[in-house]
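Survey of secondary and tertiary structure
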Amino acid sequence: MKSNPILLPFFLYALAGVRAAPQAARAVDAEPATFTANANVGPGGSSFKDSDHFRVYNADSAAATSALAMLEGAYECFVTKLGWRSSGLSYNSAADAAGPWYKTNIYSVSTLEGAAGVMQSDATAGLGYLEVVAEYLSTPGVTVHEFGHALHYHQQTWVGQGNTGAWWETLANWVADTYTTSDLCADARTAHGETGTADAIELPKVIGDSFQVIVDGSVDTGNYYQAWPFFTYLTNNPDNFGGLGSDTLHQLMVQYSKDSNETPLHTLARVASNATVGEIVGRYWARMAYADIGHPTAKDLFIAQRDSINFANLDSQGSGSYKVKSARQPKYMGSNIIPLTTSGAATVAIKVTTTGVYTGTVAVRNTSTGAVRYVTLSSGAASVKVSASEEATLVIANTPAEPILYDGFSLSSDVTKGLDYTVTISGATV
Ligand SMILES: *[C@@H]1O[C@H](CO)[C@@H](O)[C@H](O)[C@H]1NC(C)=O
Ligand SMILES: *[C@@H]1O[C@H](CO)[C@@H](O)[C@H](O)[C@H]1NC(C)=O
């Protein structure tokens, strides 16, 4: 479903600074099977339908049933299985496992200005609630996306931190996609009668505009709604980086340095135990050469869509030398994904020249099996044997070792500065 909800920045500002002093943690008591309804959160009303952890107001019965099933499925996956702090617990409470627990309210509305759904919060109660346009109630890309916002609100640490702001949309879309497609949520989907659908990944944007800052909230041109495959990569952790895996996004909130206004990449530097953020991002982009990130459908979708992706990153200077186009220079933690053309078996030799800090990788795909192997450039160079049954792509990522503080809604010159480079290639052409 391509009707991604547009969540206007005003709601982020509305949340800024609402954080009250947490109350002292109370004794741990067991989470009840059914939470208490709280009609004071949002406008309330007399027309509603309940499930154990949610209440949907003002929807027709079928739409309410459908929304409740996917919300319960998402709750079961993210809270019960993956251990995220419950959406039933007040934002204002320091407790992670002591009630009271309240249902999350969802209001079906006829219209929202410029959005299919929006997450709101009641600062006094410390409870998030959702408004969803009626026709989208049964669409996980809207309803579970908005629940994703409620989830990260209730994790507490990203709230009021402007440098996480643009990442909220990335996270909410990752929650929606993980709920609908990931094996991690398969049991939860089955338990609530849901079948996964998997068409949300926007490869022409993610790959075709991979030169952009990794999470960029710029109006109309940004990638913050599309950048979530990076989170899928961290979660699936196909390269076995220490500290990463199915708990990574949760840990990006648990280990967020309180009130520091750091970016999620700063947190990632602590969550990852034996790799720098630059190494992780460099390998992520190498894997995006063929969408090889452990997502159930992305690899096949890449093959179907590759002809419509913009790969025009370099200008030929003759004699196998190429220079990156100035408008496509990789910005902070962005990349160029450069398919190479070989003819029969070849030894492809690459030499990159730049003064910038980058990660260079050659991704080599077996065209009969789809399996991809990765060769990292060393001292700017690699020599890779590519057989007649393989194809290769060069990936150059702008990967400073240390993360930079930046606000995705207001990019600073230190993150928009592109990586300038030239590359000579023998054994293949671009
Ligand atoms: C990092 O840690 C993981 C998990 O312990 C391990 O599998 C991997 O080999 C380590 N990588 C390096 C480069 O040390
Ligand atoms: C590609 O995969 C096929 C099928 O497993 C295998 O026979 C072939 O050797 C592979 N090609 C290379 C270059 O590894």
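These numbers come from a predicted model, not from an experiment.

Parameters at a glance
- Residues numbered from 1 in each chain as written.
- Chains lettered and ligands numbered in written order.
- Predicted model: local features only at pLDDT ≥ 70, side-chain atom pairs only at ≥ 80, totals over all residues.
- Heavy atoms only, no water.
- Helix = DSSP H or I, 4+ residues; strand = E, 2+ residues; numbered from the N terminus.
- Buried < 20%, exposed > 50% of the residue type's maximum accessible area, 1.4 Å probe, protein only.
- Pairing = 2+ DSSP bridges.
- Axes fitted to C-alpha atoms, helices over the stretch in contact; angles between N-to-C directions.
- Near = heavy atom within 4 Å.
- Polar contact = N/O pair within 3.5 Å; in protein donor to acceptor, adjacent residues only side chain to side chain.
- Areas by Shrake-Rupley, 256 points an atom, 1.4 Å probe, with all protein chains shown as cover.
- Nonpolar A, V, L, I, M, F, W, Y, C, P; charged D, E, K, R; others polar.
- Salt bridge = Lys/Arg side-chain N within 4 Å of Asp/Glu carboxyl O.

Here we take up unusual backbone geometry. Residue P100 is bonded to the preceding G99 through a cis peptide linkage, with omega at 5°. Tracing the sequence through the fold places P100 in the loop between helix 2 (61–81) and strand 3 (104–109). The phi dihedral of N58 is positive, around 65°, even though this residue is not glycine. Along the chain, N58 falls in the loop between strand 2 (54–57) and helix 2. We classify N58 as partly exposed; its relative accessible area is 43%.

In spatial order, the strands read 1-2-3-5-4; together these five strands make up an open sheet with mixed pairing. With one partner strand each, in any of the chains shown, strand 1 (48–50) and strand 4 (117–122) form the two edges of the open sheet. Along the sheet, successive strands turn relative to each other by an average axial angle of 20°, direction set aside. Note: strand 1 against strand 2, three bridges, orientation antiparallel.

Taken together, N366, S368, T369, S387, S389 and E390 make up the full set of residues adjacent to ligand 2. A distance of 2.3 Å separates an oxygen atom of ligand 2 from a polar side-chain atom of N366. If ligand 2 stood free it would expose 360 Å²; the protein chains cover 40% of that surface. The residue inventory of the shell around ligand 2, partitioned by class, reads no nonpolar, five polar and one charged.

With the rule as written, the count across this model stands at 16 salt bridges. Here K258 and D259 are joined by a salt bridge, their closest N and O atoms 3.4 Å apart. Given a relative accessible area of 53%, K258 falls into the exposed group. As a salt-bridge pair, R373 and E390 come within 3.1 Å of each other at their nearest N and O atoms. In this pair, R373 is assigned in strand 11 (residues 372–376) and E390 in strand 13 (residues 390–398), connecting sequence segments 17 residues apart. Given the relative accessible area of 35%, R373 is considered partly exposed. It is possible to trace a salt-bridge network through shared partners that takes in D239, R283, R287, D292 and K299.

By themselves, these observations are geometric and do not establish any function.
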